[in-house]
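# A closer look at the structure
Each chain is listed here by its residues.
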Amino acid sequence: MQKQRIASADPRDDYSDWRQSDWASDIDDGSFWQLIRGRRSVRRYLPDPVERSLLEKLLTAAIWAPSAHNRQPWRFCVVTSDPAKQDLSERMAARWRADLSADGVDAAFIERRVRISHARITGAPALVAASLSLEGMDDYPDPRRQEAEWLMAVQSTALACQNLLLAAQHFGLAACWMCAPLFVPDLVRDVLDLPDSWHPQALITLGYAAEEKQRERLPLAERVIWR
Ligand SMILES: Cc1cc2nc3c(=O)[nH]c(=O)nc-3n(C[C@H](O)[C@H](O)[C@H](O)COP(=O)(O)O)c2cc1C
């Protein structure tokens, strides 16, 4: 039987020791916490391919995320072919190089960063480029509400991506979210031949982990206020 943690009458007392405590192992069914806390951003992968059926499971988890008006604005493009990965990485790198050069960043530093990013993208057996589409979302005549609608699509897509990351963890895969497409959405749309209505938001690298990662979180008290 699952042990219940006795909730304090004062919510500020509850969970205050999460960061250091081994709270998850303190309950019989720790699987939820193992999933949540075990997920890490992993950036190096074994060369083993990821089966399509497994990728479909992750995408199925993604589309079960909540979305504004249940309009499901997320769109996904799965990239497993090496030439497509190379092309995407090289063309994003060219733009990144140009941006950093224009910022006056040291050339050797730029090359190092670009090399690391290229290795991550081309070394991942699978990539999922996550986009959003406003097709099906509400259309407003004024910018204030239109921006809120856009944000709802962004939020919904981010939730789908989080589901995908958790599913990857659940099914023994590792993953990392990369924000690069946000900086070059037109380029990503062009390289991957995405529909014009898709707005690239993120690139999720996927594979079997070739490294272990540890991360901590700040205490709740530093991020939460109660009223
Ligand atoms: C919106 C977003 C953008 C991110 N972009 C990148 C990125 O471009 N490159 C990268 O290596 N990691 C990226 N990450 C992963 C974060 O660095 C990572 O989640 C954070 O360091 C916490 O580590 P954890 O995921 O292992 O808990 C991103 C994560 C989020 C949510």
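Within each chain, residues carry numbers counting from 1 in the order of the written sequence. Given that this is a predicted model, residues contribute local features only at a pLDDT of at least 70 and side-chain atom pairs are listed and counted only at 80 or more, while totals for whole chains, interfaces and linings are drawn from all residues.

Attention now goes to the overall build of the protein chain. By definition, any uninterrupted DSSP run of H or I lasting at least four residues is a helix, any uninterrupted run of E lasting at least two residues is a strand, and each is numbered from the N terminus. A count of helical and extended segments in the protein chain gives 7 helices and 4 strands. When its helices and strands are written in sequence order, the protein chain yields α-α-β-α-α-β-α-β-α-α-β. Considering the protein chain as a whole, with its 227 residues, one finds that 24% of them fall into the buried category. By the convention adopted here, residues are in contact when the distance between their C-beta atoms, placed from the backbone, does not exceed 7 Å. For the protein chain, restricting intrachain contacts to residue pairs at least 6 apart in sequence, the fraction spanning at least 24 positions comes to 80%. To sort residues by exposure, count the other C-beta atoms lying within 10 Å of each residue's C-beta; 20 or more gives buried, 12 or fewer gives exposed, and values between give partly exposed, all with C-beta atoms placed from the backbone.

With phi around 55 degrees, His 69 is a residue other than glycine that occupies positive phi space. Structurally, His 69 is set in the loop between helix H2 (52-63) and strand E1 (74-79). Under the C-beta neighbour-count criterion, His 69 is labelled exposed, with 12 such atoms within 10 Å. With a phi angle near 55 degrees, Asp 193 is a residue other than glycine that sits in the positive phi range. In this fold, Asp 193 is placed in the loop between helix H7 (185-191) and strand E4 (198-207). A count of 8 C-beta atoms within 10 Å places Asp 193 in the exposed class.

The next thing to look at is the sheet that holds E1. The strands that make up a sheet pair up through hydrogen bonds in the backbone, lying either parallel or antiparallel. Only strands joined by at least two bridges in the DSSP assignment are considered to pair. One open sheet accounts for 4 strands, arranged E1-E2-E4-E3; its pairing is antiparallel. If you trace the sheet from one side to the other, it starts and ends with E1 and strand E3 (174-178), each paired once. Put simply, the sheet's adjacent strands are angled 25 degrees from each other on average, direction ignored. Bridge count for strand E2 (residues 126-133) against E4 is 8 bridges, and the pairing is antiparallel. In this analysis an axis means a line fitted to C-alpha atoms, helices contributing only their contacting stretch, and an angle means the value between N-to-C directions, from 0 to 180 degrees.

Within the secondary structure layout, Arg 215 lies in the segment after E4. Residue Arg 215 is classed as exposed on the basis of its 8 C-beta neighbours within 10 Å. Distance from Arg 215 to Arg 39, taken between C-alpha atoms, is 9.6 Å for residues 176 residues apart in sequence.

To decide whether a residue is near a molecule or strand, its C-beta atom is placed from the backbone and checked for lying within 6 Å of it. Lining the immediate environment of the ligand, one finds Arg 40, Ser 41, Arg 43, Cys 176, Trp 177, Met 178, Cys 179, Ala 180, Lys 213 and Arg 215. A total of 3 residues in the shell around the ligand trace back to one element, the largest contributor, which is E3. Of the residues belonging to the shell around the ligand, the class tally is 5 nonpolar, 1 polar and 4 charged. Under this grouping Gly is polar, as are all residues other than the nonpolar Ala, Val, Leu, Ile, Met, Phe, Trp, Tyr, Cys and Pro and the charged Asp, Glu, Lys and Arg.

Our next topic: the packing of helix H3 (residues 82-102) against helix H4 (residues 107-123). Orientation of H3 relative to H4, taken along the N-to-C sense of each, is 160 degrees, at an axis distance of 10 Å. Here H3 lies roughly antiparallel to H4, going by the angle between them. Crossing of H3 over H4 shows right-handed handedness. Contacts between H3 and H4 involve Lys 85, Gln 86, Leu 88, Ser 89, Ala 93, Trp 96, Arg 97, Leu 100 and Ser 101 on the former and, on the latter, Ile 110, Val 114, Ser 117, His 118, Ile 121 and Thr 122. When grouped by side-chain class, the residues that make up the contact of H3 with H4 number 7 nonpolar, 6 polar and 2 charged. In these notes the angle categories are as follows: under 35 degrees is roughly parallel, over 145 is roughly antiparallel, 65 to 115 is roughly perpendicular, and the rest is oblique. Helix crossings get a hand from a simple test, with the near helix turned counterclockwise from the far one by less than a right angle marking a left-handed crossing and a clockwise turn marking a right-handed one.

Right, let's get into the environment of Val 105. Structurally, Val 105 can be placed in the loop between H3 and H4. A count of 13 C-beta atoms within 10 Å places Val 105 in the partly exposed class.

Attention now goes to the confidence of the model for the protein chain. Parts of the model with low pLDDT should not have their predicted coordinates read in detail. A score from 0 to 100, pLDDT tells how confident the predictor is in each residue. For the protein chain, the average pLDDT comes to 90, and 87% of its residues sit at 70 or higher. Confidence drops under pLDDT 50 across residues 1-21; counting only partners more than four residues distant or on other chains, this segment forms 19 contacts.

One finds Leu 127, Leu 164, Ala 168, Ala 175, Ile 204 and Leu 206 to be the most contacted residues of the largest nonpolar core, which totals 35 residues. Every element with two or more residues in this core is listed here: H2, H3, E2, helix H5 (143-170), E3 and E4. Here this core takes 7 residues from H5, the largest share from any one element. Those residues in contact with Leu 164 that lie beyond four places of it in its chain are Leu 58, Leu 59, Ala 61, Ala 62, Val 128 and Ile 204. For this analysis, nonpolar core means a set of buried Ala, Val, Leu, Ile, Met, Phe, Trp, Tyr and Cys residues linked through C-beta atoms within 7 Å.

Next up on the list: the environment of Arg 91. You can see Arg 91 is positioned in helix H3. Along the primary structure Arg 91 and Val 191 are separated by 100 residues, whereas in three dimensions their C-alpha atoms are 8.1 Å apart. Excluding residues that lie within four positions of it along the chain, Arg 91 makes contacts with Leu 187 and Val 191.

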